[in-house]
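The primary structure of each chain is shown beneath.
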Amino acid sequence: MCSLFAVNTSKENNMKLKVLVLITSIVSFCVSPAIAQMGTESSAANTPRLNTTDRFIPVIARNGMVTSREKMASQVGVDILENGGNAVDAAVAVGFALAVTYPQAGNIGGGGFMVIHLAEENKSIAIDYREMAPSGADRDMFLNEDGSVDDNRSKYDVKASGVPGTVAGMVHALENYGTMSLKEVMQPAYDLANDGFAMYNYLQSSLNGRKERLMANEAAGKAFYKADGSSYNFGEILKQKDLAWSLKQIMDGGKDAFYKGEVAKRIVADQETQGGLITMEDMAAYVAVERPVIVGEYKGHKIITMPPPSSGGVHLVQIMNMLEEDDLKSKGHNSAATLHLYIEAMRQAYADRSKYLGDPDFTDVPVDELTSKKYAKLTRALIPTDKSRRSTDIAPALNILAESPDTTHFSVMDSHGNAVSNTYTLNFSYGNHKMAAGTGIMMNNEMDDFSVKPGTANGYGLLGGEANSVQPRKRPLSSMTPTIVLKDDKPFFVTGSPGGSTIITVVLQSVFNVLEFDMNAMAALAEPRIHHQWMPDAVIIEDGVSKDTKDILIGMGHTIMPMPFALGSLSTIMYKDGIFYGAADTRSMDAAAIGY
Ligand code: GLY
């Protein structure tokens, strides 16, 4: 095993390496005969490519890699790979395991998106398992009688939940692209739920932070706190017996157990008791959908990413296209000149998002236009060199041609070159903070990702319009951006992040850091990031960007917002010359890249 938080298990006596390990204190290496050569940059094939000057070192492995937001789940994935499973088997096992060990966002009561690249067939697949509005939903369901938005209802009411998609998505991926049985890949999740796991730092702190709201729901209160209402302490065993029951139903009965069988009955009974909208018919009607991937072309690389109902892929490619002709490297990483271009391109993309993006089954989304080189050129030409624009002056512009955020992402690669990039969520941490009684399943509050009233911001401050209005059986617009960058048609960089509206810009900067600034997988995550989403008209800049740079940006007219939180939590894998480089975000306690 080779883990981000593990001590260096290498038997190598290379002192230079050991010093490097101590200095960075976040490093571990798998035992590797080639590691002794790491002190110098080497072009020899099959030699880890790192420089003596690197300040951030990824996890290195030769056979496969899993990177996720929670280390027990990463280990589950690696065990599957070691037992002969492929990347899809491992990804599905991680997806179910995170539902147990990372209940803030890992889920079976939510939904998400998976991008797969199959090496042998050189084929890329996008699986949309986004939640779906119940048939009883309507456009104005979150408005008060006077037409104002009831902010609480779309976020924390029982009606905030869409029909969950995760089980359908995971089963679809496994049945079509995996090699193992559902029982085999779900067993570790079942064991973690039934036998329990030791309470760890991040979960303890997260459950403490959400105690009042979670305790307000009887089932959630019983699941996550002791019988006397006290919290689990670090190292105490948390067992989730109701969740184990649900997982067992699925293991034995497949997805029908969840959508038509005993689990569906308990979810719907809970909805009926609490005044929710999800019916047995809604559950039975849910399907995961395969959609054509978005393929961006960027300086000899293919950017394989997620189409609508996520906006992530469209705007990732749009922004990259806009800046393709700019020599970002010579402008300098995170220099004012580079950040200015990022901000202005982001501003345009999020303006477009507000108008054009929605569920493609309900609205025509102009994907080809938004991702075209022509549109990129026209909109790039509108960016002034030396001054900021105001968002009120920027409109969705296709006429010039004739969304405490807690989502979670994991990346997997296997020894065959298959890659999986998966982002899924309950929306906010713990969704609407309601657990369907008797199931152990936390329900999502994804209905808030709809535009509940055109022109009114959602939980992430994102504006939207008709294209993303609430309609029965429609899927809310997302920003999730699971992405695989191909070089010579082979996965080179697998990336993705949580972060609500910031997902797109966080993923963008990981890709630019690798493709434009030649950073290794860990450096590409560790560097400070920025975010601008058109409205509000202000940029978030993480710590680490110099005061001089910020002053220059302010001088250009940019408004800098106080940093409300660190931006995103990337889980990435780079694959180069037969070596896997894994990186879990330095911002994220208890995250882990594990290789073997
Ligand atoms: N729930 C956040 C997103 O899908 O973008």
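For the structure itself, look to the data block above.
Within each chain, residues carry numbers counting from 1 in the order of the written sequence. Where totals are concerned, whole chains, interfaces and linings use all residues; where local detail is concerned, this predicted model gives features only for residues with pLDDT of at least 70, and gives and counts side-chain atom pairs only at 80 or more. Hydrogens are left out, water is left out, and the side-chain values use all remaining heavy atoms of the structure.

What about the packing of aromatic side chains?
Only rings of Phe, Tyr and Trp enter the pairing, Trp through its six-membered ring, and a pair is recorded when the two centres are within 6.5 Å. The plane angle decides the type: under 30 degrees is stacked, over 60 is edge-to-face, the rest tilted. Under the criterion given, the structure shown has 11 aromatic pairs. Taking the centre distance of 4.8 Å and the plane angle of 75° together, the rings of Phe258 and Tyr259 count as edge-to-face. You'll find Phe258 and Tyr259 in the same group, each marked buried. Residue placement shows Lys226 over the ring face of Tyr232; its charged tip is 5.8 Å from the ring centre. Placement of a charge over a ring requires the Lys NZ or Arg CZ to be within 6 Å of the ring centre, with the centre-to-atom vector within 35 degrees of the ring normal. Of note, Lys487 hangs over the ring of Phe492, and the distance from its end group to the ring centre comes to 5.0 Å. Partly exposed residues are those whose accessible area sits between 20% and 50% of the maximum for their type, while under 20% is buried and over 50% is exposed, using a 1.4 Å probe and protein chains only.

Remarks on the site of the ligand
One heavy atom within 4 Å of a molecule or strand is enough for the residue carrying it to be called near that molecule or strand. Around the ligand, the structure places 9 residues, and the nearest of them are Asn427, Glu446, Asp449, Ser478 and Ser479. For this analysis, a polar contact is any N or O atom pair within 3.5 Å, provided that within protein one partner can donate a hydrogen and the other can accept it, and provided that sequence-adjacent residues contribute only side-chain to side-chain pairs. Within the side chain of Asp449, one N or O atom sits 2.6 Å away from a nitrogen atom of the ligand. Ser478 places a polar side-chain atom, nitrogen or oxygen, 2.7 Å from an oxygen atom of the ligand. In the scheme used here, Gly and all other residues not listed as nonpolar or charged are polar, with Ala, Val, Leu, Ile, Met, Phe, Trp, Tyr, Cys and Pro taken as nonpolar and Asp, Glu, Lys and Arg as charged. Across the shell around the ligand, the residue classes tally to 2 nonpolar, 3 polar and 4 charged.

A look at unusual backbone geometry
Glycine aside, negative phi is the norm for most residues, and most peptide bonds take the trans geometry. Cis geometry is adopted by the peptide bond preceding Pro309, which originates at Pro308 and carries an omega value of 20°. The omega angle of the peptide bond from Met535 to Pro536 is 0°, so this bond is cis rather than trans. With a phi angle near 85°, Asn427 is a residue other than glycine that sits in the positive phi range. In DSSP terms, a helix is any run of H or I states spanning at least four residues, a strand is any run of E spanning at least two, and both are numbered starting from the N terminus. Along the polypeptide, Asn427 turns up in strand 12 (residues 419-428). Within the chain, His433 stands out as a residue other than glycine whose phi angle is a positive 65°. Here His433 is to be found in the loop between strand 12 and strand 13 (435-436). Looking at His433, the relative accessible area reads 1%, which means it is buried.

Some points on helix 15 (residues 336-356)
Residue pairs spaced three or four apart in an α-helix point in one direction, given the helix's 3.6 residues per turn. Between its first and last C-alpha atoms helix 15 spans 30 Å; for 21 residues at 1.5 Å apiece the expected length is 30 Å, and the two agree. In terms of residue burial, helix 15 counts as a mostly covered element, since 19 of its 21 residues are buried. Multiplying 1.5 Å by the residue count of a helix minus one yields the expected span of that helix.

Let's talk about the pattern of salt bridges
The term salt bridge refers to a side-chain nitrogen of Lys or Arg lying within 4 Å of a carboxyl oxygen of Asp or Glu. On inspection of all chains with the given rule, the structure shows 32 salt bridges. Arg130 is paired through a salt bridge with Asp449; the nearest N and O atoms lie 2.7 Å apart. Residue class for Arg130 comes out buried when judged on its relative accessible area of 0%. Across the salt bridge formed by Arg347 and Glu344, the nearest N and O atoms sit 2.9 Å from each other. Of this pair, Arg347 and Glu344 both sit in helix 15, 3 residues apart, which is roughly one turn of that helix. For the pair Arg347 and Glu344, one class covers both residues: buried. A cluster of three or more residues bridged by salt bridges with shared partners is formed by Glu344, Arg347, Arg389, Arg390 and Asp537.

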